[in-house]
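Fold and geometry: a report
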Amino acid sequence: MSLPSFWRAALSLGVVALLASCASPLEKRIERNPDLFAKLSPTDQVLVRQGRLREGMTQEAVFLAWGRPDGVAEGVQKGLKTEQWTYFGSQPVYTDTFYGGWGWGGWGAPGWRRGWGYCGPWDPYWGGYGSSVTYVPYRAASVSFRNDRVTEYLRGPQ
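Residues numbered from 1 in each chain as written. Predicted model: local features only at pLDDT ≥ 70, side-chain atom pairs only at ≥ 80, totals over all residues. Heavy atoms only, no water.

**Regarding the packing of aromatic side chains**
Scanning the model with the defined rule gives 3 aromatic pairs in all. Relative to Y87, the ring of W66 has its centre 5.6 Å away and its plane inclined at 85°; by these criteria the two rings are edge-to-face. Of this pair, W66 sits in helix α5 (residues 59-66) while Y87 sits in strand β2 (residues 80-98); the two residues are 21 residues apart in sequence, bridging distant segments of the chain. Assessed through its relative accessible area of 11%, W66 is described here as buried. Overall, Y87 belongs to the buried group, its relative accessible area being 8%. (Phe/Tyr/Trp six-rings, centres within 6.5 Å; stacked < 30°, edge-to-face > 60°. Helix = DSSP H or I, 4+ residues; strand = E, 2+ residues; numbered from the N terminus. Buried < 20%, exposed > 50% of the residue type's maximum accessible area, 1.4 Å probe, protein only.)

**Quick notes on helix α2 (residues 25-32)**
For α2, the full list of buried residues reads L26, R29 and I30. All buried residues of α2 lie within an arc of 95° about the axis, which places them on one face of the element. Relative to its buried face, α2 has exposed residues pointing more than 90 degrees away, namely P25, E31 and R32. Where α2 is buried, its residues contact α3 (34-39), α4 (42-49) and α5. (Arc of directions from axis to C-beta. Contact = heavy atoms within 4.5 Å.)

**Here we look at a nonpolar patch on the surface**
Nonpolar side chains collect at one region of the surface, where Y94, V133 and Y135 lie side by side and expose about 370 Å² of accessible area between them. Here V133 shows up in strand β5 (residues 129-146). The class for V133 is partly exposed, based on a relative accessible area of 40%. (Patch = residues over 30% accessible without salt bridge, like charges linked within 9 Å, V, L, I, M, F, W, Y side chains within 5 Å. Areas by Shrake-Rupley, 256 points an atom, 1.4 Å probe, with all protein chains shown as cover. Salt bridge = Lys/Arg side-chain N within 4 Å of Asp/Glu carboxyl O.)

**Concerning unusual backbone geometry**
Positive phi values are uncommon outside glycine, yet K78 reaches one of about 55°. The topology assignment puts K78 in the loop between β1 (71-77) and β2. Backbone geometry at N147 places phi at a positive 55°, although glycine is not the residue there. Positionally, N147 belongs in the loop between β5 and β6 (149-155).

**A short note on the side chain of E83**
Looking at the secondary structure, you find E83 in strand β2. Its relative accessible area of 11% is what places E83 among the buried residues. Excluding its chain neighbours within four sequence positions, the residues that come into contact with E83 are Q59, V72, A73, E74, V143, S144 and F145.

**A look at the side chain of Q59**
Along the chain, the position of Q59 falls in helix α5. You can call Q59 buried: its relative accessible area is 14%. Those residues in contact with Q59 that sit more than four places away from it in its chain are E83, W85, F145 and D148.

Spelled out as structure tokens, the structure:
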């Protein structure tokens, strides 16, 4: 039994939409800004597609390669306009807590009592143990510009 042509077309359209959403953020920036990408030199186009930078690159090329910065600082240095773009990442920090709880027994004594950690033979963590994850931001990359051109860049935890 084959699907009617309407359902085949709808299924095909769904598959195309799904595949289109699989593009990386870098590829999406290039697709959404074709004029900016076309203005770049062939060398810079290759670097942008690889997500890499070089000294002398324009701010537009950096935007295409690394995206919109999380922070921008502007200033003047030796009479020239300067700008620094900062990119942040986040890393998980796992924490375990140990606290008291109510349970049967505790330290071998019968009856209900307050204890720390081990609060019963059936569940050693009942009321005594918890864990959580917190995401802590860190400075992942920075780019310095002078007169809208890259003068230095640094990628990695700072």
